[in-house]
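Listed below, chain by chain, are the residues.
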Amino acid sequence: SPLIELADVRKRYNLGRPNEAEVLHGVSLRLAAGEFAALIGPSGSGKSTLLNLIGLLERLTSGSYRIQGQEMAGLDDAGLTRQRRQTLGFVFQFHHLLPAFSALENVTLPVLMREGRIGRSQLERARALLDAVGLGEAMHKRPGELSGGMQQRVAIARALVLSPPLVLADEPTGNLDRHASDEVFALLRRMHAELNTSFLIVTHDPRLAARCDRVIELVDGRIERDGATTPRDAV
Ligand code: ADP
Ligand code: ADP
């Protein structure tokens, strides 16, 4: 079975009024292991909503969502949390690092949350990831002592520390200047090449979308386009 499979997924936000707003109108989508895909579309088209559904941070209103063949729709909150920690890593536009903790402590935090302790091999993996993202020298610094691009590298290492099969990134370079943005994107591509992890990346930036392997375009809550990037995408 595919890594993830959504079939006819609808999402309505209950606004407490009779005219509830449906923002996803029957989205069907498969992602295989090892893909590197961009999710694009105008502001308000439903990208964050779709990413939050895939990330098990929101529940679908109707339809089916399977991860590695298992249906998510019936799971309770504890089940969703367990599945999220097992399958998913997250990178956000604003990195959400904890300011009082070092880079290394931030990267090991998901381990602590899932296992209740940090084993020696997990600490070694966190160090190795920080080395891999070019922060070996800075692992004991706090986020406030690091540049925006370096903070986002810490967030990428944190997303990968539990070796999730899928990393979801919502505008991971949205807060960075062009140079830092290119560096962070190149890092995502390199981590994808080195690890057996799929990436789904929401971006407004057509330059970055063109450098993904696949582009999924959402318009008004529907998938308007889904396919491999072509030379036409290069800008
Ligand atoms: P994004 O649009 O990047 O996913 P959010 O999920 O935080 O950002 O946006 C929440 C809502 O705020 C969106 O549905 C959109 O309608 C609005 N919004 C976000 N960014 C902008 C923007 N740059 N200009 C106008 N509206 C925006
Ligand atoms: P995008 O990420 O593409 O900008 P969003 O998923 O943020 O789009 O938003 C899609 C639509 O859903 C927008 O009309 C937005 O206003 C609405 N929306 C998003 N989050 C909520 C929410 N928590 N409650 C109600 N409406 C929401």
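Computed from a prediction, not measured in an experiment: that's the story for all the values here. (Residues numbered from 1 in each chain as written. Chains lettered and ligands numbered in written order. Predicted model: local features only at pLDDT ≥ 70, side-chain atom pairs only at ≥ 80, totals over all residues. Heavy atoms only, no water.)

Before going further, it helps to examine the site of ligand 2. Close to ligand 2 lie Y13, L15, V23, P42, S43, G44, S45, G46, K47, S48 and T49. The contact in question runs from an oxygen atom of ligand 2 to an N or O atom on the backbone of G44, over 2.7 Å. Alone, ligand 2 offers 560 Å² of accessible surface; in the complex the protein occludes 59% of this. Here the shell around ligand 2 takes three residues from helix α1 (residues 47-54), the largest share from any one element. For the shell around ligand 2, the class distribution of residues is four nonpolar, six polar and one charged. (Near = heavy atom within 4 Å. Polar contact = N/O pair within 3.5 Å; in protein donor to acceptor, adjacent residues only side chain to side chain. Areas by Shrake-Rupley, 256 points an atom, 1.4 Å probe, with all protein chains shown as cover. Helix = DSSP H or I, 4+ residues; strand = E, 2+ residues; numbered from the N terminus. Nonpolar A, V, L, I, M, F, W, Y, C, P; charged D, E, K, R; others polar.)

Taken together, the residues surrounding ligand 1 are S43, G44, S48 and H204. In this structure, an oxygen atom belonging to ligand 1 sits 3.3 Å away from a side-chain N or O atom of S43. Between ligand 1 and S48, the relevant distance is 2.7 Å, taken from an oxygen atom to a side-chain nitrogen or oxygen of the residue. Burial of ligand 1 by the protein amounts to 30% of the accessible area it has alone, namely 530 Å². Class assignment of the residues belonging to the shell around ligand 1 gives a composition of no nonpolar, four polar and no charged.

Ranked by size, the top nonpolar core spans 40 residues in total, and within it L130, V154, I156, M191 and F199 carry the most contacts. Not counting chain neighbours up to four residues away, the residues in contact with F199 comprise E35, F36, A37, L160, L166, V167, L188, M191 and H192. Counting residues in hydrophobic clusters, the runner-up holds 28 residues, among them V27, L50, L53 and L60. (Core = buried A, V, L, I, M, F, W, Y, C linked by side-chain atoms within 4.5 Å. Buried < 20%, exposed > 50% of the residue type's maximum accessible area, 1.4 Å probe, protein only. Contact = heavy atoms within 4.5 Å.)

Residue pairs three or four apart in sequence face the same way in an α-helix, which turns once every 3.6 residues. Along helix α2 (residues 77-87), the residues classified as buried are G79, L80, Q83 and T87. Take α2 and look down its axis: the buried residues cluster within an arc of 100°, on one side only. Of the exposed residues in α2, the ones pointing more than 90 degrees away from its buried face are D77 and R82. Among the structural elements, β4 (62-67), β5 (70-71), β6 (88-91) and β7 (166-170) are those in contact with the buried residues of α2. (Arc of directions from axis to C-beta.)

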